[in-house]
Amino acid sequence: MDFRSSEPPAGPRDEDALPATAAAAVKVVIVGGFGVGKTTLVGSVSEIRPLTTEETMTQAGVGVDDTAGVERSKRSTTVAMDFGRISINDELVLYLFGTPGQERFWFLWRGLFEGALGAVVLVDTRRLEVSFDVLGRLEERGVPFVVAVNSFPDAPQYPLEELRGALDLPASVPIVLCDARRRDSSRDVLMTLMRYLHSLAVTPEAS
């Protein structure tokens, strides 16, 4: 009887190869607090098999990681980075790097942000406070970013302008709703970032 091997094929898959028409690549970082959906977004939108560094959460993180609000649903966590890729069109490719959300892993940010053109900040309205330090670090680094409010089923909903005020965002910084589980929604977030970066390049004073 012929059995198919469960082992993955060696080497890159054909569908993972960079499109021959690609002329430009942009590095984008996906950031946010613990458990806001960064790994989900990268996985949903990536056209290649995403690289993840998720590990099962253990007792070692108790008292160290702030799991308030997600303690029942969060069973694993990113400990280094997530990586994915999406072609915006025939010529432009985005490389996506998802950062770990816990403060104890923030020392990795320096390397992940090296060469990044911009960032997406994912926000959970159940725990807006976990986004404050993330936004502050981006502003300190001078990294352009957009804010995407991840629509969790049990999360309270607020008008976007009310959220802008709560997060103390400048009027020029785009803020949008998204569902990180859906590829089309996540892609729209990335397109919002690309349009924002383009506007900054055309009119730098807008930043």
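Residues numbered from 1 in each chain as written. Predicted model: local features only at pLDDT ≥ 70, side-chain atom pairs only at ≥ 80, totals over all residues. Heavy atoms only, no water.

Colleague: What should I look at first to understand the pairing of strand E7 (residues 145-150) in this one?
Modeller: In the case of a regular strand, side chains alternate between the two sheet surfaces. Of all 6 residues in E7, 6 are buried; the element is thus mostly enclosed. Side-chain alternation along E7 places Phe145, Val147 and Val149 on one buried face and Val146, Ala148 and Asn150 on a second face that is also buried. Two strands pair when backbone bridges link them, and strand E6 (residues 118-123) and E7 are joined in this way by 5 bridges, in the parallel orientation. Among the inter-strand pairings, valine 121 is bridged to a residue of E7, identified as valine 147. Handedness of the crossover is the feature at issue here: the chain leaves E6, passes through helix H3 (residues 132-141), returns alongside E7, and the resulting connection is right-handed. Two elements, E7 and strand E8 (residues 175-178), share 4 bridges in a ladder whose sense is parallel. Bridging from a neighbouring strand, valine 147 pairs with isoleucine 175 of E8. Handedness of the E7-helix H4 (residues 160-167)-E8 crossover: right-handed. (Buried < 20%, exposed > 50% of the residue type's maximum accessible area, 1.4 Å probe, protein only. Helix = DSSP H or I, 4+ residues; strand = E, 2+ residues; numbered from the N terminus. Pairing = 2+ DSSP bridges. Right-handed = clockwise from strand over helix to strand, strands pointing away.)

Colleague: Mind showing me how you'd approach the packing of helix H1 (residues 38-45) against helix H5 (residues 183-202) here?
Modeller: Any two packed helices are characterised by the angle at which their axes cross and by the distance between the axes. Relative orientation of the contacting elements H1 and H5 amounts to 100°, with a least axis distance of 8 Å. When the interaxial angle is binned, H1 and H5 end up roughly perpendicular. Together, Leu41, Ser44 and Val45 of H1 and Arg183, Ser186, Arg187 and Leu190 of H5 make up the contact between the two elements. Here the residues of the contact of H1 with H5 are counted per class, giving 3 nonpolar, 2 polar and 2 charged. (Axes fitted to C-alpha atoms, helices over the stretch in contact; angles between N-to-C directions. Parallel < 35°, antiparallel > 145°, perpendicular 65-115°, else oblique. Contact = heavy atoms within 4.5 Å. Nonpolar A, V, L, I, M, F, W, Y, C, P; charged D, E, K, R; others polar.)

Colleague: Explanation requested: the pairing of strand E4 (residues 82-87) in the structure shown.
Modeller: Of all 6 residues in E4, 6 are buried, a share of seventy percent or more. Neither face of E4 is open: one carries Asp82, Gly84 and Ile86, the other Phe83, Arg85 and Ser87, and all of them are buried. Pairing geometry for E4 and strand E5 (residues 92-98), over 6 bridges, is antiparallel. By the bridge assignment for E5, serine 87 is matched with valine 93. Remark: 4 residues form the turn of the hairpin made by E4 and E5, two consecutive strands paired antiparallel.

Colleague: Got a minute to help me understand the packing of aromatic side chains in this structure?
Modeller: For the structure shown, the criterion picks out 2 aromatic pairs. Ring centres of phenylalanine 83 and tyrosine 95 lie 5.9 Å apart, and the angle between their planes is 15°; on these two criteria the pair is classed as stacked. Taken as a pair, phenylalanine 83 in strand E4 and tyrosine 95 in strand E5 lie far apart in primary sequence, 12 residues in all. Exposure remark for tyrosine 95: the relative accessible area of 25% places this residue in the partly exposed category. Here the guanidinium or amino end of lysine 27 rests over the ring plane of phenylalanine 97, the centre of that ring lying 4.7 Å away. Between arginine 126 and the ring centre of phenylalanine 152, over which it is positioned, the NZ or CZ distance is 4.3 Å. (Phe/Tyr/Trp six-rings, centres within 6.5 Å; stacked < 30°, edge-to-face > 60°. Lys NZ or Arg CZ within 6 Å of the ring centre and 35° of its normal.)

Colleague: Help me out: how do you make sense of H4 in this one?
Modeller: The periodicity of an α-helix, 3.6 residues per turn, causes residues three or four places apart in sequence to face the same way. Listed as buried for H4 are Leu163, Arg164 and Leu167. With its buried residues spanning 105° around the axis, H4 presents them on a single face. Residues Glu161 and Gly165 are exposed on H4 and point more than 90 degrees away from its buried face. Against the buried residues of H4 lie E6, H3, E7 and E8. (Arc of directions from axis to C-beta.)

Colleague: Would you explain the side chain of serine 186 in this entry?
Modeller: Along the polypeptide, serine 186 turns up in helix H5. The residues touching serine 186, leaving out its near neighbours within four places in the chain, are Leu41, Ser44, Val45, Asp179 and Ala180.

Colleague: Help me understand the nonpolar core, please; the structure alone is not making it clear to me.
Modeller: The tendency in soluble globular proteins is for nonpolar side chains to be buried as a group. Residues Val28, Leu94, Val121, Phe145, Val147 and Leu190 are the most contacted members of the largest nonpolar core, which totals 47 residues. Among the elements that line this core, the one with the most residues is H5, at 7 residues. Not counting residues up to four positions away in its chain, the partners in contact with leucine 190 are Val28, Ile30, Val45, Ile86, Leu94, Leu96 and Val120. (Core = buried A, V, L, I, M, F, W, Y, C linked by side-chain atoms within 4.5 Å.)

Colleague: Can you help me understand the pattern of salt bridges in this one?
Modeller: Opposite charge on two side chains lets them pair, provided their charged atoms get close. According to the stated counting rule, one finds 7 salt bridges in the structure shown. Among the ionic pairs, aspartate 184 bridges to arginine 182, the shortest N-O distance being 2.7 Å. Each of the salt bridges in this network shares a partner with another, and the network as a whole consists of Asp124, Arg126, Arg127 and Asp154. (Salt bridge = Lys/Arg side-chain N within 4 Å of Asp/Glu carboxyl O.)

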